[in-house]
Amino acid sequence: MKPSEIPALKRFWYPLVRVEDLAAGPVAQRLLGLDLVLWLDETGAPAATIDRCCHRTAKLSIGHVENGAIVCGYHGWTFDRTGKCVRIPQRADPAATGNIKIAAFHAQARYGHVWVALDTPQADIPDFAEDSDPAWRRIPEFAENWACGALRLMENEFDNAHIEFVHQATFGNTHNPIPAENSIEEFADGFVAHTVIRAANRAIGAAYSGVASETTTRTTVHRYWAPFLRKLDLTYPNGVAHRIVTATVPVDDGHTRLVQWAYRNDREEDVPAAKAVAFDRAVTLEDKAVLEATDPYVPLRDSATAERHMPSDKPGLIMRRMLLALADSG
């Protein structure tokens, strides 16, 4: 099943860009096949509407922001955050716009990112306690599009069997391909998987973990929220903790926006943010090379032509079951 075939996906929040990305003006984004324009209103809060002027269909994202409203670069028609047209400069009274309006969507800033929902959200954005705890620092990482399916990318985040093969340059332990077992507890909106992974600790990883040895253990607590959000709590034996929030945002049926940031409980002088990002970047690029070679279409129902599975696929199969329930809910 494709994301475009699941209308219920419109009822969830998705992070798209960093708030700071809107400081220079409007930004175009695509979510679930719909072209959007994002900008900051007069209060500095993010706004989101369809990226199309209702006059002659020019993209609003090539316009500019004036007094917190988006101005079309073609004829100057202006729209506020609700989508209402507030100015038509060609009229004797530019404010006489009647009931002209374009589609507007839910938008808010959280964790340094702009989150958008295309329909009334059925749940709040999850609370990440680290963000308000001075013992932790937030490190921005990625916001980029990949040519793969959103579910493919999210399943990969919980796949212990691929580590030894895909991540040979970073932390994969190629001498032991047996995947670590997950202990899984399900919730109404997702699940938590507990795992201890024996990882190789190569030079780039040692800089990331603060552990100086050939191998180390990564004790992980992996939280999944349907449909495409996860938080990885990763702890090393020396007490260093690295926590990663990843959203695999469905741009359209064949493309996904990877949005990720991290929290750490050490100091910049211990492990510079740039080194932490460099390691996570190396890991994600290994994943990208494989995931962009997969079929973005993921079968949610069993059939004679469905994919085959093994025990380590269980987290992904739970995701598929939850997405199928969303699809069947209409």
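See above for the structure.
Reference entry: report on the structure contained in this document. (Residues numbered from 1 in each chain as written. Predicted model: local features only at pLDDT ≥ 70, side-chain atom pairs only at ≥ 80, totals over all residues. Heavy atoms only, no water.)

Let's talk about the overall build of the chain
For step 1, the next point in the chain: Within the chain, the secondary structure is distributed over 5 helices and 17 strands.
For step 2, the next point in the chain: On C-alpha atoms alone, the chain measures out to a radius of gyration of 22 Å, which is about the 20 Å that the 2.2 N^0.38 rule sets for 330 residues.
For step 3, the next point in the chain: Taking the principal axes of the C-alpha coordinates as reference, the chain spans close to 75 × 55 × 30 Å.
For step 4, the next point in the chain: Taking the contacts inside the chain whose residues are at least 6 apart along the sequence as the reference set, 58% of them involve residues at least 24 apart.
For step 5, the next point in the chain: Roughly 14,900 Å² of accessible area belongs to the chain as shown, and the carbon and sulfur atoms make up 52% of that amount.
For step 6, the next point in the chain: Counting 35 positive and 43 negative side-chain charges, the chain places the centres of these two groups 4 Å from one another. (Helix = DSSP H or I, 4+ residues; strand = E, 2+ residues; numbered from the N terminus. Rg over C-alpha atoms; globule rule 2.2 N^0.38 Å. Contact = heavy atoms within 4.5 Å. Areas by Shrake-Rupley, 256 points an atom, 1.4 Å probe, with all protein chains shown as cover. Lys, Arg positive; Asp, Glu negative; His and termini not counted. Charge placed at Lys NZ, Arg CZ, Asp CG, Glu CD.)

A look at empty space enclosed by the protein
The probe, sized like a water molecule, is rolled over the atoms to show the empty space still left.
For step 1, the next point in the chain: Here the structure, examined in full by the defined rule, presents 3 cavities of 30 Å³ or more.
For step 2, the next point in the chain: Of the pockets and cavities examined, the second largest cavity occupies roughly 100 Å³.
For step 3, the next point in the chain: Lining the second largest cavity are 15 residues, and of these Met-1, Lys-2, Pro-3, Leu-151 and Phe-228 lie nearest its centre.
For step 4, the next point in the chain: Examining the composition of the lining of the second largest cavity, we find that 3 residues originate from one element, helix H1 (residues 150-157), more than from any other.
For step 5, the next point in the chain: Residues belonging to the lining of the second largest cavity are distributed by class as follows: 11 nonpolar, 1 polar and 3 charged. (1 Å grid on protein atoms, 1.4 Å probe; cavity = no way out; pocket = protein on both sides within 12 Å on 5 of 7 lines; lining within 4 Å. Points joined across faces, edges and corners; volume = space filled by probe spheres on them. Nonpolar A, V, L, I, M, F, W, Y, C, P; charged D, E, K, R; others polar.)

Digging into the packing of aromatic side chains
For step 1, the next point in the chain: A complete count under the given rule lists 9 aromatic pairs for this structure.
For step 2, the next point in the chain: Summarising the aromatic geometry, the rings of Tyr-111 and Trp-115 are spaced 6.4 Å apart at their centres and angled 70° between planes, so their arrangement reads as edge-to-face.
For step 3, the next point in the chain: Between Phe-191 and Tyr-224, the ring centres sit 5.1 Å apart and the planes meet at 35°, which makes this aromatic pair tilted. Of this pair, Phe-191 sits in strand E13 (residues 190-200) while Tyr-224 is found in strand E14 (residues 215-225), placing the two residues 33 residues apart along the sequence. For the pair Phe-191 and Tyr-224, one class covers both residues: buried.
For step 4, the next point in the chain: Three or more aromatic residues joined by ring pairs form one cluster here, namely Tyr-111, Trp-115, Phe-128, Trp-225 and Trp-261.
For step 5, the next point in the chain: Above the ring of Phe-142, the side-chain terminus of Arg-281 is found at 5.3 Å from the ring centroid. (Phe/Tyr/Trp six-rings, centres within 6.5 Å; stacked < 30°, edge-to-face > 60°. Buried < 20%, exposed > 50% of the residue type's maximum accessible area, 1.4 Å probe, protein only. Lys NZ or Arg CZ within 6 Å of the ring centre and 35° of its normal.)

Quick word on the packing of H1 against helix H5 (residues 314-329)
For step 1, the next point in the chain: Between H1 and H5, whose axes approach to 9 Å, the crossing angle comes to 140°. When you trace H1 past H5, the crossing you get is right-handed. In this structure, H1 contributes Leu-151, Arg-152, Met-154 and Glu-155 to the contact, and H5 contributes Gly-316, Met-319, Arg-320 and Leu-323.
For step 2, the next point in the chain: Across the contact of H1 with H5, the residue classes tally to 4 nonpolar, 1 polar and 3 charged. (Axes fitted to C-alpha atoms, helices over the stretch in contact; angles between N-to-C directions. Left-handed = near helix turned anticlockwise from the far one by under 90°.)

Overview of the sheet that holds strand E5 (residues 64-66)
For step 1, the next point in the chain: Across the sheet, 4 strands lie side by side as E5-E6-E7-E8; this open sheet has antiparallel pairing. Strands with a single pairing partner mark the edges of an open sheet, and in this sheet they are E5 and strand E8 (85-87).
For step 2, the next point in the chain: As defined by bridge partners, E5 adjoins strand E6 (residues 69-71) across 3 bridges and the pair is classed as antiparallel. Residue pairing across strands places Val-65 opposite Ile-70, the latter belonging to E6. (Pairing = 2+ DSSP bridges.)

Some words on the side chain of Asp-233
For step 1, the next point in the chain: Mapped onto the secondary structure, Asp-233 falls in strand E15 (residues 229-235).
For step 2, the next point in the chain: The exposure class of Asp-233 is buried, given its relative accessible area of 16%.
For step 3, the next point in the chain: Of the polar contacts made by the side chain of Asp-233, one reaches the side chain of Lys-231; its length is 2.7 Å.
For step 4, the next point in the chain: Not counting the four nearest positions on each side in its chain, Asp-233 is found in contact with Thr-219, Thr-220, Val-221, His-242 and Arg-243. (Polar contact = N/O pair within 3.5 Å; in protein donor to acceptor, adjacent residues only side chain to side chain.)

Comments concerning the pattern of salt bridges
For step 1, the next point in the chain: For the structure on display, the rule yields 23 salt bridges.
For step 2, the next point in the chain: Ionic pairing is found between Asp-41 and Arg-81, a salt bridge with its closest N-O pair at 2.8 Å. In this pair, Asp-41 is assigned in the loop between strand E3 (34-40) and strand E4 (46-50) and Arg-81 in the loop between strand E7 (78-79) and E8, connecting sequence segments 40 residues apart.
For step 3, the next point in the chain: The class for Arg-81 is partly exposed, based on a relative accessible area of 30%.
For step 4, the next point in the chain: Of the charged contacts, one joins Arg-267 and Asp-270 as a salt bridge, the two residues approaching to 3.1 Å between their closest N and O atoms. (Salt bridge = Lys/Arg side-chain N within 4 Å of Asp/Glu carboxyl O.)

Digging into unusual backbone geometry
For step 1, the next point in the chain: Here the residue pair Ala-226 and Pro-227 is connected by a cis peptide bond, since its omega of 5° sits within 30 degrees of zero.
For step 2, the next point in the chain: Positionally, Pro-227 belongs in the loop between E14 and E15.
For step 3, the next point in the chain: One non-glycine residue, Leu-32, lies in positive phi territory at about 50°.
For step 4, the next point in the chain: Structurally, the position occupied by Leu-32 is in the loop between strand E2 (27-31) and E3.
For step 5, the next point in the chain: Phi is positive for Asn-67, close to 55°, though the residue is something other than glycine.

Quick look at H5
For step 1, the next point in the chain: Here H5 spans 23 Å end to end across 16 residues, near enough to the 22 Å set by a 1.5 Å rise per residue.
For step 2, the next point in the chain: Those residues of H5 not exposed but buried are Pro-315, Gly-316, Ile-318, Met-319, Arg-320, Met-322, Leu-323, Leu-324, Leu-326 and Ala-327. (Expected span 1.5 Å × (residues − 1).)

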